[in-house]
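Report on the structure
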Amino acid sequence: MTGPREALRSYVQFLHEHEDVRHVRLSRTAKEGLARLTAKSKPQPVAPPPTVAAPRTSPPVATTIARSSMATAPAVVPAAPLEITGSTKAEQLRHLAERAAACVKCPHLVARRHTVVFGVGNPEAKLMFVGEAPGEEEDLQGEPFVGRAGQLLTKMIVAMGLTREQVYIGNIVKCRPDMPLGTSGNRKPTKQEMETCVPYLRAQIEVIKPLVLVALGATAIEGLLGPIGSIGSLRGKFHEFRGVPLMPTFHPSYLLRNQSNTEKRKVWEDLLKVMERLEMPVSEKQRGFFLAK
Ligand code: SF4
């Protein structure tokens, strides 16, 4: 049987395999709790079998539970589209946000979330950015992209000649993916979580009708288009989501970890293509950002 230490070790290893989890740190309380659990999980004497035989007509309850728990993870069923109500885009988004705020479809996320991070920005935006899920800071503030990666995204938007108020920013998943108690950091949402929540994002896109979507990172692309390839191979070219041109690019957190001008330039070239697609003016200065002097 797997003990709490082994279970935690495999979970941490799983988290490390995802690029967005950089630090997993146990608090003192968590370490103490883990020590207590480990002591409790030491093998206990096996109780003698019950003397009363189970009825033969139906399997014992314990057997039924064991069989069902052995079943593989449930297949992910695409969620139905959400009904859009309201007469203006702002009202339609507000109604969707109210539904999301009361949403309990992912009980494990509901149990730990502080807020539902629906989205922010201009309902009439021509440009919409899509990320993967709220992190710790976003969960506390109720707004997407407000942590370090979010501040970098804001700088990118400003470098394009826009403000956060002119664009719209949303995520595939609206509640923060939970972390083991006592650990810090963020994790990538699971396929199940993305499939369950993505109808909110699809409805947001349907309401806003942006002229261009920018998907930030591999998870955002996967949530919108499925597992069609690596972000390195997909970025730099327009794809399409329900008739809307979609530019994949690296997540700002990738640039925080890889601060070379070469990587920054790749993202900037993706955004230049977005600006051209939106017929925005592009100055010579903007064209030269992050090029070697
Ligand atoms: S992640 Fe999305 S689907 Fe899941 S509870 Fe939150 S709002 Fe609902």
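Preceding block: the structure.
Definitions and cut-offs
Residues numbered from 1 in each chain as written. Predicted model: local features only at pLDDT ≥ 70, side-chain atom pairs only at ≥ 80, totals over all residues. Heavy atoms only, no water. Helix = DSSP H or I, 4+ residues; strand = E, 2+ residues; numbered from the N terminus. Buried < 20%, exposed > 50% of the residue type's maximum accessible area, 1.4 Å probe, protein only. Contact = heavy atoms within 4.5 Å. Areas by Shrake-Rupley, 256 points an atom, 1.4 Å probe, with all protein chains shown as cover. Axes fitted to C-alpha atoms, helices over the stretch in contact; angles between N-to-C directions. Parallel < 35°, antiparallel > 145°, perpendicular 65-115°, else oblique. Nonpolar A, V, L, I, M, F, W, Y, C, P; charged D, E, K, R; others polar. Near = heavy atom within 4 Å. Core = buried A, V, L, I, M, F, W, Y, C linked by side-chain atoms within 4.5 Å. Expected span 1.5 Å × (residues − 1). Arc of directions from axis to C-beta. Phe/Tyr/Trp six-rings, centres within 6.5 Å; stacked < 30°, edge-to-face > 60°. Lys NZ or Arg CZ within 6 Å of the ring centre and 35° of its normal.

**What to know about the overall build of the protein chain**
Scanning the protein chain from terminus to terminus reveals 13 helices and six strands. When each of the 293 residues of the protein chain is scored for burial, the buried share is 42%. Within the protein chain, contacts between residues separated by at least 24 positions form 70% of all contacts whose residues are at least 6 apart in sequence. Of the roughly 16800 Å² of accessible surface on the protein chain, 57% is carried by carbon and sulfur atoms.

**Considering the packing of helix α8 (residues 191-208) against helix α9 (residues 218-225)**
Pairs of packed helices are described in terms of their axes, by the angle between the two and the distance that separates them. At a minimum axis distance of 10 Å, the contact between α8 and α9 shows a crossing angle of 80 degrees. Relative to α9, the element α8 is oriented roughly perpendicular. Between α8, through M194, V198, L201 and I205, and α9, the contact on the second element is made entirely by T219, E222, G223 and L224. Here the residues of the contact of α8 with α9 sort into five nonpolar, two polar and one charged.

**Describing the environment of V167**
Take V167: it is sitting in the loop between α7 (148-159) and β3 (168-171). Taking the C-alpha atoms as reference points, V167 and A125, separated by 42 residues in sequence, lie 4.9 Å from one another. With sequence-adjacent residues up to four places away left out, V167 is seen in contact with V120, G121, N122, A125, L127, F129, I157 and L162.

**A word on the site of the ligand**
Taken together, C103, K105, C106, L109, V110, R113, V173, K174, C175, T196 and C197 make up the full set of residues adjacent to the ligand. Only α5 (107-110) and α8 provide two or more residues apiece to the shell around the ligand. Classifying every residue of the shell around the ligand by side-chain character gives seven nonpolar, one polar and three charged.

**Digging into the nonpolar core**
L127, F129, M160 and L224 are the most contacted members of the largest nonpolar core, which has 63 residues in total. In terms of residue count, the dominant contributor to this core is α8 (nine residues). Not counting residues within four places of it along the chain, the set of residues in contact with L127 comprises M160, L162, V167, Y168, P210, V212, V214, V274 and L278.

**As for α9**
Within α9, the full set of buried residues consists of T219, A220, I221, G223 and L224. Where the residues of α9 are buried, they touch β2 (127-131), α8, β4 (212-216), α10 (231-234), β5 (239-241) and β6 (244-249).

**Overview of α7**
Between its terminal C-alpha atoms α7 stretches 17 Å, which fits the 16 Å expected from twelve residues at 1.5 Å a residue. Residues A149, G150, L152, L153, M156 and I157 constitute the buried set of α7. Along the axis of α7, the buried residues cluster in a sector spanning 160 degrees; they form a single face. In this structure, α7 carries R148, Q151, K155 and V158 as exposed residues pointing more than 90 degrees from its buried face.

**Topic: the side chain of D270**
Considering the arrangement of structural elements, one finds D270 in helix α12 (residues 261-277). Sequence-distant contacts of D270, that is, excluding residues within four places in its chain, are made with R235, G236, M247, P248 and T249.

**A look at the packing of aromatic side chains**
This model, assessed by the stated rule, comprises three aromatic pairs. Ring plane angle 25 degrees and centroid distance 4.3 Å describe the contact between F250 and Y254, whose orientation is recorded as stacked. Following the ring pairs from residue to residue traces out a cluster consisting of W268, F289 and F290. Over the ring of F238 we find R277; its NZ or CZ atom is 4.7 Å from the centre of that ring.

**Some points on the side chain of R235**
Note on placement: R235 falls in the loop between α10 and β5. Excluding its chain neighbours within four sequence positions, the residues that come into contact with R235 are P248, T249, F250, K266 and D270.

**Looking at unusual backbone geometry**
A positive phi angle, close to 55 degrees, is found at F145, a residue other than glycine. Among the structural elements, F145 can be located in the loop between α6 (136-141) and α7. The phi angle at E279 is positive, at roughly 55 degrees, despite the residue not being glycine. Note that E279 resides in the loop between α12 and α13 (284-287).

**Observations concerning the environment of M156**
With respect to the secondary-structure elements, M156 resides in helix α7. M156 sits in the buried class, given a relative accessible area of 9%. Expressed as a C-alpha distance, the spacing of M156 and P252, which sit 96 residues apart in the sequence, is 9.0 Å. Residues in contact with M156, not counting those within four places in the same chain, are P252, V267, W268 and L271.

Note that every value here comes from positions in space, so none of it alone points to a role or purpose.
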